[in-house]
Amino acid sequence: SIVSKLCVIKKTHLRYDPNNFCMDDYDFTAQHLLSFGSVLVNNYVYPSSKHYEEGGLGTYEERVDKKTKDAALLMSKFPGLYNYNNTKNTKPNSELRYRFTSLSQVEKWRASL
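Summarised in this report is the structure supplied together with it.

What counts and what doesn't
Position numbers for residues count from 1 along each chain, tracking the sequence in the order it is written. Local features in a predicted model are, by the rule used here, given only for residues with pLDDT of at least 70; side-chain atom pairs are given and counted only at 80 or more, and totals for whole chains, interfaces and linings are based on all residues. Side-chain numbers come from the whole structure's heavy atoms, not from hydrogens or water. Orientation is described by axes fitted as lines to C-alpha atoms, over the contacting stretch for helices, and by angles from 0 to 180 degrees between their N-to-C directions. Only runs of H or I of at least four residues qualify as helices and only runs of E of at least two qualify as strands under DSSP, and these elements are numbered from the N terminus. Convention used here: angles under 35 degrees read as roughly parallel, angles over 145 as roughly antiparallel, angles from 65 to 115 as roughly perpendicular, and any remaining angle as oblique. Contact criterion: two residues are considered in contact whenever any of their non-hydrogen atoms come within 4.5 Å of each other. Residues are grouped as follows: Ala, Val, Leu, Ile, Met, Phe, Trp, Tyr, Cys and Pro are nonpolar; Asp, Glu, Lys and Arg are charged; every other residue, Gly included, is polar. Values of bend correspond, residue by residue, to the angle between axes fitted over the seven residues ending at that residue and the seven starting there. Salt bridges are identified by distance alone: a Lys or Arg side-chain nitrogen within 4 Å of an Asp or Glu carboxyl oxygen. Each residue is placed in one exposure class: buried if its accessible area under a 1.4 Å probe, protein chains only, is under 20% of its type's maximum, exposed if it is over 50%, and partly exposed if it falls in between.

### Describing the packing of helix H1 (residues 24-36) against helix H3 (residues 103-112)
Closest axis-to-axis distance for the H1/H3 pair is 9 Å, and the angle between their directions is 80°. Overall, the two elements H1 and H3 adopt an arrangement that is roughly perpendicular. Here H1 contributes Ala30, Leu33, Leu34, Ser35 and Phe36 to the contact with H3, which in turn contributes Val106, Trp109 and Arg110. A breakdown of the residues in the contact of H1 with H3 according to their chemical character gives six nonpolar, one polar and one charged.

As structure tokens, then:
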């Protein structure tokens, strides 16, 4: 997933989903994979803020219930793209991981939809 702490995006037909509060970067990455088959990452600029810090969307504990709802939304919007990534330090079904590790797997997924 492209973590959108800081990103520059070419204008296309894709739009952020207003129903997705905490995992909008997963949603936007999935939209790009579905529409274009890949996402370009240019690690030229690095934000100085940390993930899950206070302010903004808040700490993990402050947003975990919304993340659980967002994860379920993503699982239904993009069937077969994600698996739940349940670990001992996270609330069940609040984290996702991509099922694919290659462009050929992404192409098979795209063709199946």
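On we go.
### So, helix H2 (residues 60-77)
If you look at H2, its biggest bend is around 35°, right at Lys66. Where the residues of H2 are buried, they touch H1, strand E1 (82-84) and strand E2 (96-98).

### Structural notes on the pattern of salt bridges
Think of it this way: side chains of opposite charge can pair up when their charged atoms draw near. Throughout the structure, instances matching the rule amount to five salt bridges. The salt bridge involving Asp65 is made with Lys91; its shortest N-O contact spans 2.7 Å. One end of the pair, Asp65, is in helix H2; the other, Lys91, is in the loop between E1 and E2, with 26 residues separating them in the sequence. Here Lys67 makes a salt bridge to Glu95, at a shortest N to O gap of 3.3 Å. Placement of the pair is Lys67 in helix H2 and Glu95 in the loop between E1 and E2, with a sequence separation of 28 residues. Judged by its relative accessible area of 3%, Lys67 falls in the buried class. Shared partners join several salt bridges into a network, and the residues in it are Asp17, Asp27 and Lys77.

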